[in-house]
Amino acid sequence: MKIIAIANQKGGVGKTTTAVNLSVALAEKGLRILLIDLDPQANATSALGMQEIEGESIYDSLLGGVSLAEKVLPTRVNNLFLIPAELELAGAEVEIARMSDHLTRLARTLVVFREDNTFDFIFLDCPPSLGILMTNALAGADEILSPIQCEYFALEGLVKIVRVVEQVRDSGANDRVEIGGILMTMFDSRTNLSTQVVAEVRRHFGERVYKMMIPRTVRLSEAPSFGKSILEHDPHGVGAYAYRAVAREFLKRHSRPPTASALSQTPGSENL
């Protein structure tokens, strides 16, 4: 079982879209997936057609009151389970910051899943910030999948992610976390900018960048308003095709163990 943090401190890059649709695509293949919504805005929760449920978020578990296993809810998608978010999570940023073990609160709550291997993969949908919830996710994850929009400031955002990862490793909170993958989103083949940004990111991060790129489509943007993943909303469209391809590539990447060099440093950081 691996825990993947889907993280980017910049908003609007397709982070939640990736968390939801990759989870659904893997569940379609028969893998047991748990998606944990760590964003107080609860976008991943609503994108799966589930509303905020008071008291069912990770909030109480982070503060040490309730086992995380008690928060798991089934979704209408077979093999996909969810721990929803609620606005109250915003308060956790302040309360956890006061604790001596503020960086490892989430990692401790996740131990229950590491011990019994109930799920094949756990995805953490992180908030678009560099706050306590995101750093807790990095401290509790095995690796990071970072969606990057095909725009001018893409590399600038990656620099910040790399630095945060290095800080988490150096702090001793999680010395194994690495950037396991970079997914280019909102790709527009009609523009030179998208192509140039992808080329530049590949130059720095090489094979860490997924071969499949997520296209910019109206269907992907409108699917959450229906409370559906793109695989349900437009199952035969280009967006659904792209995320199913990403799921295949994801499984191929995780069918082999990481190399020693991959574990020893954050890939690409020496070139930035």
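Source: prediction; values computed, not measured.

Asks: Would you mind going over the side chain of Asn-174 with me for this structure?
Replies: Note that Asn-174 resides in the loop between α7 (154–171) and β7 (178–185). The class of Asn-174 is buried, set by a relative accessible area of 1%. A distance of 3.1 Å separates the side chain of Asn-174 from the backbone oxygen of Ala-139, its partner in a polar contact. Here Arg-176 takes part through its backbone nitrogen, which lies 3.2 Å from a polar atom of the side chain of Asn-174. Beyond its immediate sequence surroundings of up to four residues, Asn-174 is in contact with Leu-138, Ala-139, Gly-140, Ala-141, Val-168 and Arg-169.

Asks: What exactly am I supposed to notice about the layout of surface pockets here?
Replies: Rolled over the atoms, a probe sized like a water molecule indicates the empty space that remains. In this structure, the second largest pocket encloses a volume near 290 Å³. Looking at the second largest pocket, it is lined by 21 residues, and the ones nearest its centre are Gly-14, Lys-15, Thr-16, Thr-17 and Asn-43. Taken together, the elements giving at least two residues each to the lining of the second largest pocket come down to α1 (15–28) and α2 (43–47). Of all the elements, α1 adds the most residues to the lining of the second largest pocket, at 5 residues. Class assignment of the residues belonging to the lining of the second largest pocket gives a composition of 8 nonpolar, 9 polar and 4 charged.

Asks: How should the environment of Ala-245 be read in this particular structure?
Replies: With respect to the helices and strands, the residue Ala-245 is situated in helix α11 (residues 238–253). For the pair Ala-245 and Ala-25, spaced 220 residues apart in sequence, the C-alpha separation works out to 8.9 Å.

Asks: Whenever I open this one, α11 confuses me. Can you help?
Replies: Counting along an α-helix, one turn takes 3.6 residues, and residues three or four places apart therefore face a common direction. End to end, α11 covers 22 Å across 16 residues, agreeing with the expected 22 Å (1.5 Å per residue, within 8%). Taken together, the buried residues of α11 touch β1 (2–6), α1, β5 (121–125), β7, α9 (218–222) and α10 (230–233).

Quick notes on the rules
Residues numbered from 1 in each chain as written. Predicted model: local features only at pLDDT ≥ 70, side-chain atom pairs only at ≥ 80, totals over all residues. Heavy atoms only, no water. Helix = DSSP H or I, 4+ residues; strand = E, 2+ residues; numbered from the N terminus. Buried < 20%, exposed > 50% of the residue type's maximum accessible area, 1.4 Å probe, protein only. Polar contact = N/O pair within 3.5 Å; in protein donor to acceptor, adjacent residues only side chain to side chain. Contact = heavy atoms within 4.5 Å. 1 Å grid on protein atoms, 1.4 Å probe; cavity = no way out; pocket = protein on both sides within 12 Å on 5 of 7 lines; lining within 4 Å. Points joined across faces, edges and corners; volume = space filled by probe spheres on them. Nonpolar A, V, L, I, M, F, W, Y, C, P; charged D, E, K, R; others polar. Expected span 1.5 Å × (residues − 1).

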